[in-house]
Amino acid sequence: MGDYIVVLEAPIIVREVESADDAINVAVSKVAKALNKEKLDFVRVEIGYSQCPVCGSPFESAFVIGNVGLVGIYLTLKVFNAQSLEHAERIAKAVVGKALKKVPLKVFEIKEFQNGKEEGIELNNHENGF
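Conventions adopted
Residues numbered from 1 in each chain as written. Predicted model: local features only at pLDDT ≥ 70, side-chain atom pairs only at ≥ 80, totals over all residues. Heavy atoms only, no water. Helix = DSSP H or I, 4+ residues; strand = E, 2+ residues; numbered from the N terminus. Buried < 20%, exposed > 50% of the residue type's maximum accessible area, 1.4 Å probe, protein only. Contact = heavy atoms within 4.5 Å. Areas by Shrake-Rupley, 256 points an atom, 1.4 Å probe, with all protein chains shown as cover. Expected span 1.5 Å × (residues − 1). Arc of directions from axis to C-beta. Pairing = 2+ DSSP bridges. 1 Å grid on protein atoms, 1.4 Å probe; cavity = no way out; pocket = protein on both sides within 12 Å on 5 of 7 lines; lining within 4 Å. Points joined across faces, edges and corners; volume = space filled by probe spheres on them. Nonpolar A, V, L, I, M, F, W, Y, C, P; charged D, E, K, R; others polar. Salt bridge = Lys/Arg side-chain N within 4 Å of Asp/Glu carboxyl O.

*Asks:* Teacher, can you tell me more about the overall build of the protein here?
*Replies:* Secondary structure assignment for the protein yields two helices and eight strands. From first element to last, N terminus to C terminus, the protein shows the α and β order β-α-β-β-β-β-β-α-β-β. By the burial criterion, 37% of the 130 residues in the protein qualify as buried. Sequence separation of at least 24 residues holds for 66% of the intrachain contacts in the protein that already meet a minimum separation of 6. Element-wise, carbon and sulfur atoms account for 51% of the exposed surface of the protein, whose accessible area totals about 7,800 Å².

The following block contains the structure:
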């Protein structure tokens, strides 16, 4: 049995927003409200980052077109006593999926902990993220 930190990424659609900052605020509020409703206050919510295909510099994953925004959100939680990496992934998706129904969740990164220290098992590592 192992303990893991699992980072999931989720695309959140928000409507009636004017700017990327407005979209981010609404998306974070929407996700936090859904998590709190299910008593999942232990899940950390952060803005995702994308990389510019031209210059390579990172920017917040928030796009607004016609007052509709798409915001990339990272959701981080600890999973204890999982049988394997895949088991930790399934547990994390099931826990977060309770609150964020119909939102596709993808594993961004997984790190194993042993005796309180990270072991460095990672998937889809982001250069500027975790």
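*Asks:* How should the environment of V71 be read in this particular structure?
*Replies:* Inspection of the secondary structure assignment puts V71 in strand β6 (residues 68-82). Residue classification places V71 among the buried positions, given a relative accessible area of 1%. Along the backbone, V71 and A10 are 61 residues apart, and their C-alpha atoms lie at a distance of 8.3 Å. If we skip the residues at most four places from it in the chain, V71 touches A10, P11, I12, A23, I24, A27, I47, S61 and A62.

*Asks:* So what exactly am I meant to see when it comes to helix α2 (residues 85-99) here?
*Replies:* An α-helical segment advances 3.6 residues per turn. Residues three or four places apart therefore align on the same side. Between its terminal C-alpha atoms α2 stretches 22 Å, which fits the 21 Å expected from 15 residues at 1.5 Å a residue. Those residues of α2 lying buried are H87, A88, A92, V96 and A99. Looking straight down α2, one finds that the buried residues subtend no more than 150° of arc, so they occupy a single side.

*Asks:* Before we go on, may I ask you to explain the pairing of strand β1 (residues 2-15) in this structure?
*Replies:* Regular strands have side chains that alternate between both faces of the sheet. Sheet topology places β1 next to β6; 13 bridges connect them, and they run antiparallel. Within β6, the position partnered with V7 by the bridge is T76. The pairing of β1 with strand β7 (residues 106-114) spans seven bridges and is classified as antiparallel. Counterpart to Y4 in the pairing with β7 is E112.

*Asks:* Is there a simple way to explain the layout of surface pockets in this structure?
*Replies:* The probe, sized like a water molecule, is rolled over the atoms to show the empty space still left. There is about 170 Å³ of room inside the largest pocket. The wall of the largest pocket is formed by P11, I12, I13, K30, V31, A34, L100, K101, K102, V103 and P104. Secondary structure elements with two or more residues in the lining of the largest pocket: β1 and α1 (20-37). Split into classes, the residues belonging to the lining of the largest pocket amount to eight nonpolar, no polar and three charged.

*Asks:* When you look at the pattern of salt bridges in this model, what are you seeing that I'm missing?
*Replies:* Two side chains carrying opposite charge are able to pair once their charged atoms lie near each other. Tallied over the full model, the rule gives three salt bridges. For the salt bridge of E46 with R44, the shortest nitrogen-to-oxygen distance reads 3.6 Å. Since its relative accessible area comes to 29%, E46 is described here as partly exposed.

*Asks:* Whenever I open this one, the environment of N67 confuses me. Can you help?
*Replies:* Mapping N67 onto the fold places it in the loop between β5 (62-65) and β6. A residue is classified by how much of its surface remains accessible, and N67, at 32% relative accessible area, is partly exposed. Sequence separation of N67 and A20 is 47 residues, and the distance between their C-alpha atoms is 9.8 Å. The residues contacting N67, other than those within four sequence positions of it, are V14, R15, E16, V17 and E18.

What is shown is where atoms sit, not what they do.
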